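Structural features, examined
What follows is the residue order along each chain.
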Amino acid sequence: METNKLLKKANSRLLIITCLTILVVIVAAIVATTLLFSTAQKSGKLYITRDTSQQTVLDSIESKCGSSFSTAIKLLSNIRDINRKGYYEIEEGTTALDAWRMLSSGAQTPIKFTFNNIRTLDNFAENADKSLEMTKEEIMAEMSDPDVLKKYGFNKETLPAMLMPDTYFVYWTITPKQLLKKLNDAYNAFWNESNKNKAAKLSLNPIEVTTLASIVEEETAYGPEKGTVARLYLNRLHKGMKLQSDPTVKFAVGDESLKRILKQHLLTESPYNTYMVFGLPPGPIRMPMKSTINAVLNAPQNDYLYMCAKEDFSGSHNFTSNYATHMGNARRYQAALNARGIK
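The sections below set out a description of the structure shown in this document. Just so we're clear, the structure is a prediction, and the values are computed from it rather than from any experiment. Within each chain, residue numbers correspond to sequence positions counted from 1 in written order. Two thresholds apply to this predicted model, a pLDDT of at least 70 for residue-level local features and 80 or more for giving and counting side-chain atom pairs, whereas whole-chain, interface and lining totals are computed over all residues. Side-chain descriptors were evaluated using all non-hydrogen atoms of the structure, hydrogens and water having been removed beforehand.

1. Description of the pattern of salt bridges
Here is the rule we go by: Salt bridges are identified by distance alone: a Lys or Arg side-chain nitrogen within 4 Å of an Asp or Glu carboxyl oxygen. Only DSSP runs of H or I covering at least 4 residues are called helices, and only runs of E covering at least 2 are called strands; the numbering of each starts at the N terminus.
Scanning the model with the defined rule gives 13 salt bridges in all. A salt bridge links Glu 133 to Lys 85, with the nearest nitrogen and oxygen atoms 3.9 Å apart. A residue pair is termed long-range when its members are at least 10 positions apart, and Glu 133 in the loop between helix H5 (121-131) and helix H6 (136-144) and Lys 85 in the loop between helix H3 (67-76) and strand E2 (86-90) qualify at 48 residues. Each of Arg 119, Glu 217, Glu 218, Glu 256 and Arg 286 takes part in a single network of salt bridges with overlapping partners.

2. A word on the packing of aromatic side chains
To keep things clear, this is the line we draw: Paired rings are identified among Phe, Tyr and Trp, the last through its six-membered ring, by centres lying within 6.5 Å, and are further divided according to the angle between planes into stacked (under 30 degrees), edge-to-face (over 60) and tilted (the rest). Burial status follows relative accessibility: with a 1.4 Å probe on protein chains alone, a residue under 20% of its type maximum counts as buried, one over 50% as exposed, and anything between as partly exposed. Charges are assigned to positions over rings by a cutoff of 6 Å between ring centre and Lys NZ or Arg CZ, combined with an angular limit of 35 degrees from the ring normal.
Scanning the entire structure with this criterion turns up 12 aromatic pairs. Ring centres of Tyr 47 and Tyr 87 lie 4.6 Å apart, and the angle between their planes is 40°; this geometry places the pair in the tilted category. With Tyr 47 in strand E1 (residues 44-48) and Tyr 87 in strand E2, the pair connects residues that are 40 residues apart, well separated along the chain. On the accessibility criterion, Tyr 87 (3% relative accessible area) is buried. Taken together, the ring pairs connect Phe 113, Phe 115, Phe 124 and Tyr 168 into an aromatic cluster. A cation over a ring is seen here: Arg 80 above Trp 100, with NZ or CZ 5.2 Å from the ring centre.

This is the structure in C-alpha cells:
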C-alpha cells in the first residue's frame, strides 16, 4: 500500500516535470521562431555615431523596419550590444538574427564616396565632411601635415594631383588617414608604367601632366576638344612660350565667378598667373577627371599655338597657329561679350 502511494507521488512529480519541460520547450520555440523568422518589413538605413545609445538604435530600427523586428533585435541585444559606430543598410526581408549579427559585430555596409568638379583642398574637405563621418577640420589637418605630405611625395600645392575624382567604396567611419591612403593607392594604380612612359614622352612627370589637365579641364568642357587644347599647350611649353591661360589667372585672383578676364587681372602677381610666369603653375588649379588626364597623355599632334572661345558661345574654340588670325578670332569674341553685356 505504502509502495503504491510512493509510486503515485513519483509519477505525479514526473508528470509535472514533463509538463514544465514541454512548456519551456514551447516558450523557447516561440522565442526562437521570433528571433529566426521575424524579418524587416521594409528597408532601412542606420547611421550610428559614437554617441548613439542602444535605445536610440532600437527606436530607429522600429521606425524604419517594423516593431516586431525591433523587438526581436532587442531580445538579442541582451547577448551583445548593437550600437557599434557605422553605417548599416537593413534590406527588406532581413531576419532579426542576421541584422543583430551585422550590428553587434560592426559589419558595416560600404558607401559610395564620390567627388568631382572639385577645385581646392578646402572644397574636397567640405565634400568629405558631408559624405563621411569625419569633419572638415580633421581631413584638412591630415592634408596639411608635413609628414603626411612627405610620405606621399607631395606638397600643399601638388596634393590635389593625388586626389583623383571618382567613386570610391569606403566605410562611413573611414578615418582621414585611411582615406588618403586609399586615394594614394588609386593614384598609384592609375600612374602605372604605361602612363608614366606616356608622360615622359611629353617631357612631363605625373604631377605636371595632372596640372596641365587641370588647365585643360577649366578651358573646355567639350570632350572632343580636350586633346586639341592639351596639344596646343604642349606646343607652347616645348617652344618656351608662356601658356597665357585665362583659367590660371582666375585661380590666381581667387575669384571663380569671373566671367571675363580683364587687363587688371593679368597683372596679378602669382606663380599661378601664366601670363606673367613661364611654364606650368606649381600645382593643379582643380582636380581633373581621369578622362582629361588621358586626353593630355594621348593628345593628337597639331601645330596650334592660339585658341579663343567661339563667339557663338557654343563652348568650342577657334584654333590657329597664326597670331594675326588669332587676334581676329579674339576681336569677334570680345565683341560678342560686349553685345551680351558680360563684364
